[in-house]
Amino acid sequence: MTFAPIYWAVAGARGVRADLAYAQSAKETSFGRFTGVVPASHHSPCGVKVTDGVPNDDPAAHAAFPDWTTGVTACVDHLALYAGAATYHRADS
């Protein structure tokens, strides 16, 4: 499985360096092996959390996406918002 090309397709337009976003996903997924809590079937290469108070060690605590394009895009958006990328306005800035 490879979702690297998706990072290069979506990251730049969102003000995020694709190489850094992809490196972050490598850390989160144990280099694509998905040995942690979030299974590959979630299509979430960065472990985006949901907000319903489920413990972190429960797969249900993490968002699941229908495909890799949606999951990678959500992860890149999450990084852009977290980092305050110029392409995203934060309400408190």
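Preceding block: the structure.
Residues numbered from 1 in each chain as written. Predicted model: local features only at pLDDT ≥ 70, side-chain atom pairs only at ≥ 80, totals over all residues. Heavy atoms only, no water.

Caption draft 1: Molecular detail of the state of the cysteines. Overall, the coordinates contain 1 disulfide when judged by the stated rule. A disulfide bridge connects Cys-46 with Cys-75, and the sulfur atoms are separated by 2.1 Å. Looking along the S-S bond of the Cys-46-Cys-75 disulfide, the torsion reads about -95 degrees, which is the left-handed sense. Taken together, the residues Cys-46 in the loop between helix H2 (18–28) and helix H3 (68–83) and Cys-75 in helix H3 connect sequence positions 29 residues apart. Judged by its relative accessible area of 9%, Cys-46 is buried. (Disulfide = S-S within 2.5 Å. Helix = DSSP H or I, 4+ residues; strand = E, 2+ residues; numbered from the N terminus. Buried < 20%, exposed > 50% of the residue type's maximum accessible area, 1.4 Å probe, protein only.)

Caption draft 2: Molecular detail of unusual backbone geometry. Positioned with a positive phi, Ser-30 is a non-glycine residue whose angle comes to about 55 degrees. Taking the relative accessible area as the measure of exposure, Ser-30 reaches 18% and is therefore buried. Unusually for a residue other than glycine, Phe-34 sits at a positive phi of about 50 degrees.

Caption draft 3: View of the environment of Arg-33. Position of Arg-33 among the secondary structure elements: in the loop between H2 and H3. The exposed category is assigned to Arg-33, whose relative accessible area is 55%. Separated by 13 residues in sequence, Arg-33 and Cys-46 have C-alpha atoms that sit 13 Å apart. One polar contact links Arg-33 to Ser-30, side chain to side chain, over a distance of 2.9 Å. (Polar contact = N/O pair within 3.5 Å; in protein donor to acceptor, adjacent residues only side chain to side chain.)

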